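# Summary of structural features
The chain contents come next:
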Amino acid sequence: MSIAFPPIVVRLTQIAILLALAVLLWIAADGRAALSRLQDAHLGWLVGAGAVLALQTILSAQRWRVTAAQLGLHISAGAALREYYLAQVVNQSLPGGVVGDANRAVRSRSEVGLVVAAQAVLFERLAGQLGLIAVLVTGLSVSVAMPGVLVWPQWLATPVIVVLCLLAVAGGLIAMVPGLRRGGQAFWATVWTRNIRLQQVALSLGTALCNVAAFALCAVALNVAMPWVAVAALVPLILFAMVLPVSIGGWGVREGAAALLFPVMGATSAEGLATSVAFGLVFLVTILPGVIAPLFASNKHQKGPRSLRGGALNQTHITKKEIS
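Residues numbered from 1 in each chain as written. Predicted model: local features only at pLDDT ≥ 70, side-chain atom pairs only at ≥ 80, totals over all residues. Heavy atoms only, no water.

## Observations regarding the overall build of the protein
Along the protein, the regular secondary structure elements total 14 helices and zero strands. Each helix and strand of the protein, placed in order from N terminus to C terminus, yields the pattern α-α-α-α-α-α-α-α-α-α-α-α-α-α. When burial is assessed residue by residue, the protein has 44% of its 324 residues classed as buried. By element, 72% of the accessible surface of the protein is carried by carbon and sulfur atoms, the whole surface being about 16,700 Å². (Helix = DSSP H or I, 4+ residues; strand = E, 2+ residues; numbered from the N terminus. Buried < 20%, exposed > 50% of the residue type's maximum accessible area, 1.4 Å probe, protein only. Areas by Shrake-Rupley, 256 points an atom, 1.4 Å probe, with all protein chains shown as cover.)

Here it is, written out as structure tokens:
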């Protein structure tokens, strides 16, 4: 028997966790030093980070369009960008970073139905995460091949092993469980068809690189030295921490991850805390168009993006030949 907590209780719990994390980080990561860094931030580099994050949103919206089109859902560039901005605003207001995406699926469900619209959103997000994983794997590989650049602490060994085991188990489940296997095949057929695979690679790597580059620019703005190997290996780990549904918009857990990981490259926890806060604030500024974007939606767009009939995931026009 499951227990459903009132929304107000859930929200108060989230706020309490966020405040607790803030107090803990202020004490453990020298909050005064981090605040001093933020006060001396170079505005020009922060503006540059904001521009890169804005580009990331544009590329993400295009990735959604490309993915949705494979499922029979056709969305205009303007509608996709507007909906993506709105989803980012919602994601920054609620834990987990997925509620806005769920709303994006609901708002785009016209004619093709909610299942197909949800698949388009889910597959697009998965493709984006794979891009970030590719950057992470590259950074970790280079850091291992270049000893001395990053000094990995022993306490990271256990979490890394656990994550690798979980990934192996997930891969096994996808391969063995019929329902999951069909979902994996559908994802592959949707994002890796011959005519769009290069677009998907370019868009997913592009969004991932924009995210890590924006974080690096925030470090530069605070005069924090961050080698490119550290950017590729550490920043994806810091950003992945945001998906933990224990805070609001990833705040607190992202800063905690940065405070823990920055010493790996010889920086201080305070510098990691300050850089992460700067990144979070810049991101909040860049998603402000999502607050007013719905006001500019036409009646046509309010009814949902244009779609093609027969765009269900079990469509047969995606053949094995197309994905070979």
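## Topic: the nonpolar core
Residues Met226, Phe262 and Met265 are the most contacted members of the largest nonpolar core, which totals 55 residues. When contributions to this core are tallied by element, the ones reaching two or more residues are α3 (43-70), α6 (114-145), α9 (197-221), α10 (228-240), α11 (253-261) and α12 (269-286). Counting residues per element, this core draws most heavily on α9, which supplies ten residues. Setting aside residues no more than four positions away along its own chain, Met265 makes contact with Leu150, Val224, Ala225, Met226, Pro227, Ala230 and Leu234. Ranked by size, the runner-up nonpolar core spans 18 residues in total, among them Leu73, Val116, Ala186 and Phe187. (Core = buried A, V, L, I, M, F, W, Y, C linked by side-chain atoms within 4.5 Å. Contact = heavy atoms within 4.5 Å.)

## Description of the packing of aromatic side chains
Scanning the entire structure with this criterion turns up four aromatic pairs. Considering the side-chain rings of Phe215 and Phe279, the 5.3 Å spacing of their centres and the 45 degrees angle between planes classify their relative orientation as tilted. One end of the pair, Phe215, is in helix α9; the other, Phe279, is in helix α12, and 64 residues separate them in sequence. The pair formed by Phe215 and Phe279 is uniform in burial state, with each residue classed as buried. Lying over the aromatic face of Trp251, Arg254 brings its terminal NZ or CZ to 4.5 Å of the ring centre. (Phe/Tyr/Trp six-rings, centres within 6.5 Å; stacked < 30°, edge-to-face > 60°. Lys NZ or Arg CZ within 6 Å of the ring centre and 35° of its normal.)

## Focus: the environment of Ile15
Along the chain, Ile15 falls in helix α1 (residues 7-28). What makes Ile15 partly exposed here is its relative accessible area of 36%. The spatial distance from the C-alpha of Ile15 to the C-alpha of Ser247 is 7.2 Å, given a sequence separation of 232 residues.

## Some points on the side chain of Thr207
In this structure, Thr207 sits in helix α9. Given a relative accessible area of 3%, Thr207 falls into the buried group. Polar side-chain contacts of Thr207 include one of 2.8 Å to the side chain of Arg63. Setting aside its immediate chain neighbours within four residues, Thr207 contacts Gln56, Leu59, Ser60 and Arg63. (Polar contact = N/O pair within 3.5 Å; in protein donor to acceptor, adjacent residues only side chain to side chain.)

## With respect to the packing of helix α4 (residues 77-91) against helix α5 (residues 99-107)
Two numbers describe a pair of packed helices, the interaxial angle and the distance between the axes. Orientation of α4 relative to α5, taken along the N-to-C sense of each, is 145 degrees, at an axis distance of 7 Å. In the crossing of α4 with α5, the sense of the turn from one axis to the other is right-handed. Two secondary-structure elements touch here, α4 through Glu83, Tyr84, Leu86, Ala87, Val90 and Asn91 and α5 through Val99, Gly100, Asp101, Asn103, Arg104 and Arg107. For the contact of α4 with α5, a count of residues per class yields five nonpolar, three polar and four charged. (Axes fitted to C-alpha atoms, helices over the stretch in contact; angles between N-to-C directions. Left-handed = near helix turned anticlockwise from the far one by under 90°. Nonpolar A, V, L, I, M, F, W, Y, C, P; charged D, E, K, R; others polar.)

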